[in-house]
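# Notes for the structure review
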Amino acid sequence: MANILCIGAGHVGGPTMAVIAKNCPQHRVVVVDVDAARVAAWQSDRLPIYEPGLDEIIHCTRGKNLFFSTEINRHIAEADIIFVSVNTPTKSFGQGAGKAADLQYWELAARQILENATTPKIVVEKSTVPVRTAEAMECILNSESGNGLHFDVVSNPEFMAEGTAIRDLEEPDRVLIGGPETPSGQKAVQAIVDIHARWVPRERIITTNLWSGELSKLAANAFLAQRISSINAISALCERTEADVNEVAHAVGLDGRIGPRFLRASVGFGGSCFKKDILNLVYLCEYYGLYEVATYWEQVVAMNEYQQQRFVSNMVYAMFNTVAHKRIALFGAAFKANTSDTRESPALVVCRALLDERADVVITDPYALENARFDLGEMAGQVTFEPDPYAAARDAHAIAILTEWSHFVDLDYAAIYESMVKPAFIFDGRNLLDRARLHEIGFNVYAIGKPPLTHFATTAPIR
Ligand code: UDX
Ligand code: UDX
């Protein structure tokens, strides 16, 4: 039996530890966080994050071998293995501002471990960190103030995606564990392998050196985001021609070398990871003098920003070049379906841009309204938050589909059309709805990467 601790009860720490606790009933798993409200929520019936399947797992593990606490120091002292899953946001100040990862919470966690440890420990990097962070952490942990204890640092990046976190954790494509090639480093790697081998087939658990482990996470996210920016770039061209981006994506994806997944054109990618990790990669490349490589990856983010801005420009252009004082219903606030998370959500980018155009914005979302209100900050005062999509659309000039919630698919769009101002518009930023049917009802329909279906003659905007 091992005492496992996780510092950081966020979107990564919470679900990951719940799945470890479920599959390793012999181990005791504690998740600590500085945020007392968040810990209290993990202990309650209303968990701090929405994730399909999470409630069930928490229900059957919490209080048995899974515990949430704010007593960080005490649990550090008791732990054998410590996962660190604190946030590593993009730095907003000083050197590397806007690109580099802010590692202050990580270093704080390392120093806290050092201060409270009375036995040797394995420290696991769960947060996505720049390459060679483990080296710095090992240096801090094994510094002279460490009363002679030895710490091994291993990298075990998390590849789960929000909305499918539990499935991704239960049946991962791979589990990656990077560690130092020293005998004690290899022993530490083996301990983390053994935990995962309880439920993950052994051939899917791969071990690498530390730096490959760290870099693989940044590279995987950069590749995934690059596919989205690539198909979104093609979507812009489709809108100027008679091509349909779904047909192009299907044809391209059937090539076994390319594969069909992650080729959904959209209003752009969001979430806490993609932009942050790519900018982090860009910063690393610049740091090592690899400017061409940095510029290459930076374009993935630039294309994403263009796609979001293009979506809003198309809306304004289609609605006769003004949306001022027009009610516009945004369907979806979450950065993707099946999560309440709104970090870097394209929906909020669209919302802010429409507010700048002086539109009356109303947002509807089944789970993410609270986070949207928080993330919009001062601008939230100008927005109406409406859980009922029918009420949101009433008297609106336009609907913009910004999250691919299945809740939005089966609404009675004929009734919605009746309740709207005419001509009524739908801008489908997720290619979620049946365009032809909406057009038949009377809507002017604009979808990503498809020619518009309108009831009047249109010309494509210049940009
Ligand atoms: C975070 C990182 O953003 C990501 O790069 C990494 O891969 C995993 O960890 P996430 O879990 O989504 O992702 O972040 P968040 O939901 O913000 O959770 C981080 C938690 O750490 C928060 O609850 C925060 O209160 C906690 N924290 C932060 C601490 O407990 N101590 C600190 O010093 C800082
Ligand atoms: C991502 C990675 O997938 C995961 O492996 C890593 O651990 C964390 O970052 P996440 O951000 O939670 O996960 O969700 P993901 O499913 O990757 O979606 C990211 C964004 O891309 C969403 O806004 C989504 O809507 C968008 N997306 C995804 C597209 O626009 N098109 C696609 O084809 C796929």
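Residues numbered from 1 in each chain as written. Chains lettered and ligands numbered in written order. Predicted model: local features only at pLDDT ≥ 70, side-chain atom pairs only at ≥ 80, totals over all residues. Heavy atoms only, no water.

## Quick notes on the state of the cysteines
- Across all of its chains, the model carries 0 disulfides by this definition.
- Counting only cysteine sulfurs, Cys24 is the nearest neighbor of Cys60, a cysteine outside any disulfide, at a range of 13 Å.
- Assessed through its relative accessible area of 40%, Cys60 is described here as partly exposed. (Disulfide = S-S within 2.5 Å. Buried < 20%, exposed > 50% of the residue type's maximum accessible area, 1.4 Å probe, protein only.)

## Considerations on the site of ligand 1
- Surveying the vicinity of ligand 1 reveals 19 residues, the closest of which are Val12, Asp33, Arg38, Lys276 and Arg343.
- Summarising the interface, the protein chains cover 91% of the accessible area of ligand 1, which totals 690 Å² for the free molecule. (Near = heavy atom within 4 Å. Areas by Shrake-Rupley, 256 points an atom, 1.4 Å probe, with all protein chains shown as cover.)

## Regarding the packing of helix H13 (residues 346-356) against helix H14 (residues 369-376)
- At their nearest, the axes of H13 and H14 sit 11 Å apart, and the two run at 55° to each other. Here H13 lies oblique to H14, going by the angle between them. At the point where H13 passes H14, the crossing takes the right-handed sense. Mapping the contact onto sequence places Leu348, Cys351 and Arg352 in H13 and Ala372, Asp375 and Leu376 in H14. (Axes fitted to C-alpha atoms, helices over the stretch in contact; angles between N-to-C directions. Helix = DSSP H or I, 4+ residues; strand = E, 2+ residues; numbered from the N terminus. Parallel < 35°, antiparallel > 145°, perpendicular 65-115°, else oblique. Left-handed = near helix turned anticlockwise from the far one by under 90°. Contact = heavy atoms within 4.5 Å.)

## Notes on the site of ligand 2
- Taken together, 20 residues lie around ligand 2, and Phe159, Glu162, Ser266, Lys336 and Arg430 are the ones closest in.
- Separating an oxygen atom of ligand 2 from a side-chain N or O atom of Lys336 is a distance of 2.7 Å.
- Starting from 670 Å² of accessible surface for ligand 2 in isolation, the protein chains cover 95%.
- If one sorts the elements of the shell around ligand 2 by residue count, helix H9 (residues 210-240) sits on top with 4 residues.
- Looking at which domains feed residues into the shell around ligand 2, each of domain 1 (3-208) and domain 2 (209-463) gives three or more. (Polar contact = N/O pair within 3.5 Å; in protein donor to acceptor, adjacent residues only side chain to side chain. Domains from an automatic or database assignment.)

## Side note on helix H8 (residues 183-196)
- When the terminal C-alpha atoms of H8 are compared, their 20 Å separation across 14 residues agrees well with the 20 Å that a helix rising 1.5 Å per residue should span.
- For H8, every residue scored as buried is listed here: Gly185, Ala188, Val189, Ile192, Val193, Ile195 and His196. Buried residues of H8, seen end-on, are gathered within an arc of 160° and therefore sit on one face of the element. Facing away from the buried side of H8, by more than 90 degrees, are the exposed residues Pro183 and Lys187. (Expected span 1.5 Å × (residues − 1). Arc of directions from axis to C-beta.)

## Here's the deal with the packing of aromatic side chains
- This structure, assessed with the given rule, holds 16 aromatic pairs.
- With a centroid separation of 5.1 Å and an interplanar angle of 40°, the aromatic rings of Phe331 and Phe408 are classed as tilted. Note that Phe331 is positioned in strand S9 (residues 327-331) and Phe408 in the loop between strand S12 (398-401) and helix H16 (413-419), a separation of 77 residues in sequence.
- For Phe331, a relative accessible area of 0% corresponds to the buried category. (Phe/Tyr/Trp six-rings, centres within 6.5 Å; stacked < 30°, edge-to-face > 60°.)

## Considering the pairing of strand S13 (residues 425-428)
- A two-sided burial pattern is seen for S13, the buried positions comprising Phe425 and Phe427 on one face and Ile426 and Asp428 on the other.
- Looking at chain direction, S12 and S13 are connected through 4 bridges and run parallel. By the bridge assignment, Ala400 is partnered in S13 with Phe427.
- Alignment of S13 against strand S14 (residues 444-447), held across 4 bridges, turns out to be parallel. Bridged to Phe425 within S14 is Asn444.
- Chirality of the crossover, the property in question, places the unit of S13, helix H17 (residues 435-441) and S14 among those that are right-handed. (Pairing = 2+ DSSP bridges. Right-handed = clockwise from strand over helix to strand, strands pointing away.)

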